[in-house]
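Observations on the model geometry
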Amino acid sequence: MAHMTAFDSDTYTARRQEAVELVKQRGLGGLVIGTGAEFAYLTGSWTSSHERLTALVIAPGGTTVVAPVTDIQSLGLDGAADVEVIGWRDGEDPYKLVADTLEDGTVGLGSSLTADHVFALQALLPATELASDAVAELFMVKDDEEAVELAKAGAAIDRVHERAADLLQPGRTEREIADELHALILEEHESVSFVIVGSGPNGSNPHHDFSDRVLEEGDPVVVDLGGALPSGYQSDCTRTHVVGETAKAPKDFLEAYAVLERAFDAACAAAKPGITAGELDAAAREVIEDAGYGEYFTHRLGHGIGLSGHEQPFIIAGSDVVLREGMAFSIEPGIYVPGKWGMRIEDIVRMTANVIETLNHTRRTLGVNDA
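What you see is a predicted model; the values in this text were computed from it and never measured. (Residues numbered from 1 in each chain as written. Predicted model: local features only at pLDDT ≥ 70, side-chain atom pairs only at ≥ 80, totals over all residues. Heavy atoms only, no water.)

1. With respect to the sheet that holds strand β6 (residues 128–130)
This is how the line gets drawn: Paired strands, as defined in this entry, are two strands with at least two bridges between them according to DSSP. Counting from the N terminus, the helices are DSSP H or I runs at least four residues long and the strands are E runs at least two residues long. To obtain each axis, a line is fitted to C-alpha atoms, and for helices this fit is confined to the stretch in contact; angles are then taken between N-to-C directions over 0 to 180 degrees. For this analysis, residues touch if any pair of their heavy atoms sits within 4.5 Å.
With mixed pairing, six strands are arranged side by side in an open sheet as β4-β3-β2-β1-β5-β6. In this open sheet, the two edge strands, each paired with only one partner strand, are β4 (84–88) and β6. Averaged over all pairs of adjacent strands, the angle between strand axes in this sheet comes to 25 degrees, irrespective of strand direction. In the sheet, strand β1 (residues 30–34) pairs with strand β2 (residues 55–59) via four bridges, with the strands oriented antiparallel. By the bridge assignment for β2, Val32 is matched with Val57. Its contacts with the sheet put helix α1 (residues 9–26) on β1, β2 and β3 (62–68), and the angle it makes with β2 is roughly 55 degrees.

Dropping the structure here:
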């Protein structure tokens, strides 16, 4: 779904200027950014030309958009009206047009470029790497305007989660509940990114969506929800519930959930500028491992978020990415025992000068819906 241009043209101009400066500082030949979140971040446009190549080319000397003539009138470059557009017709070689605008040196390729575009560009360029690695800070560090949108997204999904617990009634199916949550997300967002309702043993699959399983009294239920605002900025938040009375949940589940809460709190306490993503992952993982559940924490601790639901920085074991002020990412430890139950707590946080700002505020305990 196309999103509106989120900010004024000066914001996008400043972002492109920063990209040009980073290209110069790194000694790169340039960046080639395909349509999608990175393109929108730098231009405000969510245009798509399907299999034809549309690319924003950022070189040391400036920026250009290379696009099919068939799509020029619908590019929607309100945030980049000053950028030169070079059109190409079917039968012409758009990759040569791109290469001709670049300078000598390694070229960063945007993460949305598909393999056909990547291979064609690599055949013409001396060396390539991921743009998100070459100029990682360009996309990872959120400016104040982005922070406002992410806060809006956090509040929007909180309003959905506040109503979720009441939907989890014995005798209802995951699918029925997911349909209602889908509608609730659309009340607060422009589009739905995903809905997960994982009850009982289904909760042990971190990426289960929903099924026709009927909820029973005492079932643990993982509810993970996300959507996109009109600006394109994403929400993502997970809460774990018990159907009916919390005391009727399995005893081993309740014991594990207390560990999960400690792991979540440990990660939040450790999250300060200067810590690496790997160290932050370890802060939560060590709590879970020490309690004997290490083999059941099967995914990374978190992921960056912005115009994409999952983007850098990835909070993953072994990562030496240093977390900096302005970065936004999830903290989401989980424990999943196959065939029995699962659990996850997830908030989106933004790194400030000293600590983190939490963007989700609905209850994380298994009791009543208190913040």
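2. Quick word on the packing of helix α9 (residues 251–270) against helix α10 (residues 277–290)
As a reminder, the rule being used: Each angle receives one of four descriptions, namely roughly parallel if under 35 degrees, roughly antiparallel if over 145, roughly perpendicular if within 65 to 115, and oblique otherwise. Handedness of each helix crossing follows the sense of rotation of the near helix against the far helix: counterclockwise by less than a right angle gives left-handed, clockwise gives right-handed.
Where α9 meets α10, the closest approach of the two axes is 8 Å, and the angle between their N-to-C directions is 155 degrees. Taken as axis vectors, α9 and α10 run roughly antiparallel relative to one another. For the pair α9 and α10, the crossing hand works out as right-handed. Between α9 and α10, the contacting residues are Val259, Leu260, Arg262, Ala263, Ala266, Ala267 and Ala270 on the first element and Leu280, Ala283, Ala284, Val287 and Ile288 on the second.

3. Things to note about the UniProt feature "domain: Creatinase N-terminal" (unreviewed entry) in the chain
In plain terms, the rule: UniProt positions are given in the numbering used here, feature names are shortened, and annotations may be inferred rather than shown by experiment.
Taking the numbering used here, the UniProt-annotated feature "domain: Creatinase N-terminal" (unreviewed entry) corresponds to residues 15–131. This span, residues 15–131, is 31% helix and 24% strand, and a straight line between its end C-alpha atoms measures 14 Å.

4. Here's the deal with the packing of aromatic side chains
To be explicit about the condition: Any Phe, Tyr or Trp ring, taking Trp's six-membered ring, that has another such ring centre within 6.5 Å forms a pair; planes under 30 degrees apart are called stacked, those over 60 apart edge-to-face, and the others tilted. For the exposure calls, accessible area comes from a 1.4 Å probe over protein chains only, and a residue counts as buried if that area is under 20% of its type's maximum, exposed if over 50%, partly exposed in between.
Evaluation of the coordinates by the stated rule reveals five aromatic pairs. Look at Phe253 and Tyr257: their rings are 6.1 Å apart centre to centre, the planes differ by 35 degrees, and that puts the pair in the tilted class. Of this pair, Phe253 and Tyr257 both sit in helix α9, four residues apart, which is roughly one turn of that helix. For Tyr257, a relative accessible area of 2% gives the class buried. One aromatic cluster is present, built from ring pairs that chain together Phe7, Tyr12 and Tyr233.

5. Concerning the sheet that holds strand β7 (residues 191–199)
Across the sheet, three strands lie side by side as β7-β8-β9; this open sheet has antiparallel pairing. Edge positions in the sheet fall to β7 and β9 (237–242), since each of these pairs with one other strand and no more. Direction aside, neighbouring strands of the sheet carry axes that sit 15 degrees apart on average. Taken together, the six bridges between strand β8 (residues 220–228) and β9 define a ladder with antiparallel strand orientation. Bridged to Val223 within β9 is Arg239. In the packing of helix α8 (residues 174–188) onto the sheet, contacts are made with β7 and β8, and the angle to β7 comes to roughly 150 degrees.

6. Focus on the pairing of strand β14 (residues 341–344)
Of the two faces of β14, the one lined by Trp341 and Met343 and the one lined by Gly342 and Arg344 are each fully buried. Two strands pair when backbone bridges link them, and strand β13 (residues 334–337) and β14 are joined in this way by four bridges, in the antiparallel orientation. Counterpart to Ile335 in the pairing with β14 is Met343.

7. Re empty space enclosed by the protein
As a reminder of what qualifies: Residues are called lining when one of their atoms sits within 4 Å of a cavity or pocket point, these points coming from a 1 Å grid over the protein atoms alone, where a cavity is a set in which a 1.4 Å probe fits but cannot get out and a pocket is an open set with protein on both sides within 12 Å along at least five of seven lines. Grid points are joined across faces, edges and corners, and a volume is the space filled by probe spheres set on the points. Polar here means any residue other than Ala, Val, Leu, Ile, Met, Phe, Trp, Tyr, Cys and Pro, which are nonpolar, and Asp, Glu, Lys and Arg, which are charged; Gly is therefore polar.
In total, this model carries two cavities of 30 Å³ or more according to the counting rule given. If you go around the largest cavity, you meet twelve residues; those closest to its centre are Ala6, Tyr12, Ala40, Ser231 and Leu307. Of the voids in this model, the second largest cavity is the one considered here, and its volume is about 40 Å³. Lining the second largest cavity are Leu150, Ala153, Gly154, Gln234, Ser235, Ile305, Ile348 and Leu359. Of the residues forming the lining of the second largest cavity, the biggest block, three residues, is contributed by helix α7 (residues 144–164). Broken down by class, the residue content of the lining of the second largest cavity amounts to five nonpolar, three polar and no charged.

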